[in-house]
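# Geometric and topological summary
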Amino acid sequence: MGLLEGKVSLITGADTEIGREIARRFLQEGARKVILFSEDEKVLSGLCGSLDPAGERVGGVFGEIRSRDDAVRTIEDAVKEAGRIDILINNFDLMEYGPVSPSEPGHWNRVLNANLNTAMFFMSAVIPMMKESGGGVIVNVSSLAGNVPFSGLGAYCASHAALQAFSKVAAKEVASFNIRVNIICPPIVEETGTEGSSSELLGRNGDPGSVADAALFLVSDRSEWLTGVTLDLDGGRHLAPGP
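Definitions and limits used
Residues numbered from 1 in each chain as written. Predicted model: local features only at pLDDT ≥ 70, side-chain atom pairs only at ≥ 80, totals over all residues. Heavy atoms only, no water. Helix = DSSP H or I, 4+ residues; strand = E, 2+ residues; numbered from the N terminus. Disulfide = S-S within 2.5 Å. Buried < 20%, exposed > 50% of the residue type's maximum accessible area, 1.4 Å probe, protein only. Axes fitted to C-alpha atoms, helices over the stretch in contact; angles between N-to-C directions. Parallel < 35°, antiparallel > 145°, perpendicular 65-115°, else oblique. Left-handed = near helix turned anticlockwise from the far one by under 90°. Contact = heavy atoms within 4.5 Å. Nonpolar A, V, L, I, M, F, W, Y, C, P; charged D, E, K, R; others polar. Expected span 1.5 Å × (residues − 1). Bend = angle between axes of the 7 residues up to and from the residue. Polar contact = N/O pair within 3.5 Å; in protein donor to acceptor, adjacent residues only side chain to side chain. Salt bridge = Lys/Arg side-chain N within 4 Å of Asp/Glu carboxyl O.

## Let's talk about unusual backbone geometry
- For the bond from S101 to P102, the omega torsion is 0 degrees, close enough to zero to count as cis.
- You will see that N178, though not glycine, has its phi angle at about 65 degrees, which is positive.
- By the element assignment, N178 lies in the loop between helix 5 (154–174) and strand 6 (179–185).

Have a look at this one:
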């Protein structure tokens, strides 16, 4: 029996390498239904087909990630389709470079809306459902940048530091309802052109599979006594100074 036998999960940012790998891992571990959320309808359709050719265990929801209304609609549709949501993975992320001064309001708002507000929208929508069904697990995929300052990434660092703080507040508020909230903080592990610049102490860069393994642990019963935890999944990079 897999670690997620019979569970229903919702993954935002599902069209990223991390999102795809988490979905694969959850299916391998027996998840009854994996619902994928993406802003790219064409990519979403192809992803669902590749993960589940029979169309029985994977569903896709297309929408605007920065919309509170779309978050609520997604949660409601997922519950109608699968009966419940046991696991929420907030994985959407936007990295944009921009100096602290002179700052550009549009840049600041775009990054914080993408990395902080979207996670808040989905958490706010799913928590009432989890309360009704007796519990659940939320994992927010944050970033090393929430703990280590990187020049040129002021808005990005701020968004992820805020996401971590918000997640811990949520963990305190919902613990009595058998809902756990934890955070994963990886460095860059996808093909962005900057993934080789982080000099992890363990001598290698991470990969999406490492993030998927951590997510699986945090949503399974093997971590049933963990909540409000920030997991620095970065090969020791948080111990070194930022550029």
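## Thoughts on the state of the cysteines
- Evaluated as defined, the whole model comprises zero disulfides.
- Free of any disulfide, C185 has its nearest neighbouring cysteine sulfur in C157, separated by 12 Å.
- Look at C185 and you get buried, because its relative accessible area is 0%.

## Re the packing of helix 1 (residues 17–28) against helix 6 (residues 208–219)
- Packing of helix 1 against helix 6 leaves a shortest axis separation of 8 Å and a crossing angle of 50 degrees. As summarised for this structure, helix 1 and helix 6 are arranged oblique, according to the angle between their axes. Between helix 1 and helix 6 the crossing geometry is right-handed. Note on element contacts: helix 6 touches helix 1 through P208, G209, V211, A212, D213, A215, L216 and V219, opposite E17, I18, E21, I22, R25 and F26.
- Residue classes in the contact of helix 1 with helix 6 are distributed as nine nonpolar, one polar and four charged.

## Observations regarding helix 4 (residues 105–133)
- Here helix 4 spans 41 Å end to end across 29 residues, near enough to the 42 Å set by a 1.5 Å rise per residue.
- Of all the bends in helix 4, the largest measures some 40 degrees and sits at N113.
- The opening residue of helix 4, the one whose side-chain oxygen lies 2.7 Å from the backbone nitrogen of G106, is E104.
- Looking one or two residues beyond helix 4, the residue adopting positive phi is G134, at roughly 100 degrees.

## Describing the pattern of salt bridges
- Going through the model one piece at a time under the given rule, you end up with eleven salt bridges.
- In this structure, E81 engages K33 in a salt bridge whose closest nitrogen and oxygen atoms are separated by 2.9 Å. Within this pair, whereas E81 is found in helix 3 (residues 68–82), its partner K33 is found in strand 2 (residues 33–38), the two being separated by 48 residues in sequence.
- For E81, a relative accessible area of 47% translates into the label partly exposed.
- If you follow the salt bridges from partner to partner, you end up with E21, R24, R25 and D213 in one network.

## Things to note about the environment of L201
- Examined against the element boundaries, L201 turns out to sit in the loop between strand 6 and helix 6.
- Sequence-wise, L201 and I138 are 63 residues apart; in three dimensions their C-alpha atoms are separated by 29 Å.
- Apart from the residues within four sequence positions on either side, L201 is in contact with G235, G236 and L239.

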